[in-house]
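Each chain, written out:
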Amino acid sequence: MPKFMKKTAYFFIYPMLIIAAFDMFRYVYINISSVVLAFTETNGGTHEVSFSLRWFEEMFRQFSLAQSSLKDAIGNTVKFFLMYFAKTLISFVVAYFLFKKIWGYKVFRIIFYIPCMISPIILVNVWKNMLMSGGLYSQIVNAFGGSYSNPLTNGDTALSVILLFSFWGGFGTDLLIFVGAMNRVPEEILDAGLIDGCGISREFFSLIIPLVWETLSTMLMIQSMSIFTATGPILYFSPNEPKTYTLQFFLFNKVTGFGGDGAGGTANEFNQVAAIGLFFTLIALPIVLFGRWLMNKFNSDISY
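Quick notes on the rules
- Residues numbered from 1 in each chain as written.
- Predicted model: local features only at pLDDT ≥ 70, side-chain atom pairs only at ≥ 80, totals over all residues.
- Heavy atoms only, no water.
- Phe/Tyr/Trp six-rings, centres within 6.5 Å; stacked < 30°, edge-to-face > 60°.
- Helix = DSSP H or I, 4+ residues; strand = E, 2+ residues; numbered from the N terminus.
- Buried < 20%, exposed > 50% of the residue type's maximum accessible area, 1.4 Å probe, protein only.
- Axes fitted to C-alpha atoms, helices over the stretch in contact; angles between N-to-C directions.
- Parallel < 35°, antiparallel > 145°, perpendicular 65-115°, else oblique.
- Left-handed = near helix turned anticlockwise from the far one by under 90°.
- Contact = heavy atoms within 4.5 Å.
- Nonpolar A, V, L, I, M, F, W, Y, C, P; charged D, E, K, R; others polar.
- Core = buried A, V, L, I, M, F, W, Y, C linked by side-chain atoms within 4.5 Å.

Once that is clear, we can look at the packing of aromatic side chains. A full pass over the atoms with the stated rule returns 26 aromatic pairs. An angle of 80 degrees between the planes, with centres 5.9 Å apart, marks the rings of phenylalanine 60 and phenylalanine 63 as edge-to-face. Of the two residues, phenylalanine 60 and phenylalanine 63 are both situated in helix H2 (residues 54-64); the distance of three residues between them amounts to about one turn of the helix. Between the aromatic rings of phenylalanine 92 and phenylalanine 178, the centroid separation amounts to 5.1 Å while the plane-to-plane angle is 85 degrees, which identifies the pairing as edge-to-face. Of the two residues, phenylalanine 92 sits in helix H3 (residues 69-99) while phenylalanine 178 sits in helix H8 (residues 171-183), which places them 86 residues apart along the sequence. Neither phenylalanine 92 nor phenylalanine 178 differs from the other in exposure class; each is buried. Put simply, the rings of Phe92, Tyr96, Phe97, Phe99, Phe178, Phe204 and Phe205 pair up and form one aromatic cluster.

Right, here's the structure in full:
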């Protein structure tokens, strides 16, 4: 490398090293602080900090209750996780049909990509206006003589709406990745399969999946990492409805009180959130490692 290029490269390397060191320090500091908070308690009067297991005891007490907002949040998180996992698999199948250029594939592609090109705030407002009393769905139901009630006013139905919205809104990104991976498959391989009598299902399972398995397994691995962090636009749709809270939004509301319950922001709220976060991190770690091992187990040594 010429000497002047080496000198120029230093103007990039050194600032990047400084940024990387700062990010590493911040990452380590935040995580160590979170662990310390999980095992401490602050006296409200004297502000004295002492070692305590109170927050873990409180968390397990919440698990033992018949009705618990924490238990509901965990259940909703699992629902979102399963939905996103299923969405990844379904989008892979849909991507294959778009890759095969089925009739009307351009129209379907636009429909699936539209949510990715429009701001989520705008999409949420469109959905809320359609679902509100006097909105599009209300007018359709009333036209047929039915009785309509806004599903967002009920915690159970509101969660279904958010799940459906998240499922529809996240299709475009997955399709873009999967179709791009399938387009890299050499046409010679598919032509050889066609000559050997491969039908569409045989081609999908015996050629497409092995050839793009690295991409599919990576996407599934990313989804498995979100087992306790999967969530949706709760803040946009129903910030004051605890039945729709996921674990992530539950912790967010504990710290900020943004959900409207008046809580949040106190020192001990941070301690409680840190304890819950630490517990579920320890639970998620072996699950993620097992998922990574499983994906690597079935990884095919194919290069093209």
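Relative orientation of the contacting elements helix H5 (residues 120-131) and helix H7 (residues 155-169) amounts to 135 degrees, with a least axis distance of 12 Å. On the basis of their axis angle, the class for H5 and H7 is oblique. In this structure, H5 meets H7 at a crossing whose hand is right-handed. Along its contact with H5, which presents Pro120, Leu123, Val124, Trp127 and Leu131, the element H7 presents Val161, Leu164, Phe165 and Trp168. The residue makeup of the contact of H5 with H7, split by class, is nine nonpolar, no polar and no charged.

This part takes up the nonpolar core. One finds Leu70, Phe80, Phe237, Leu247, Ile276 and Phe280 to be the most contacted residues of the largest nonpolar core, which totals 41 residues. Contributions of two or more residues to this core are made by H2, H3, H5, H7, helix H12 (234-237), helix H13 (247-256) and helix H14 (267-297). Looking at this core, the element that brings in the most residues is H14, giving eight residues. In this view, phenylalanine 237 contacts Val124, Trp127, Lys128, Leu152, Val161, Ile162 and Phe165; residues no more than four positions away in its chain are not counted. Among the nonpolar cores identified, the runner-up in size contains 29 residues, and Val94, Tyr96, Phe99 and Met221 belong to it.

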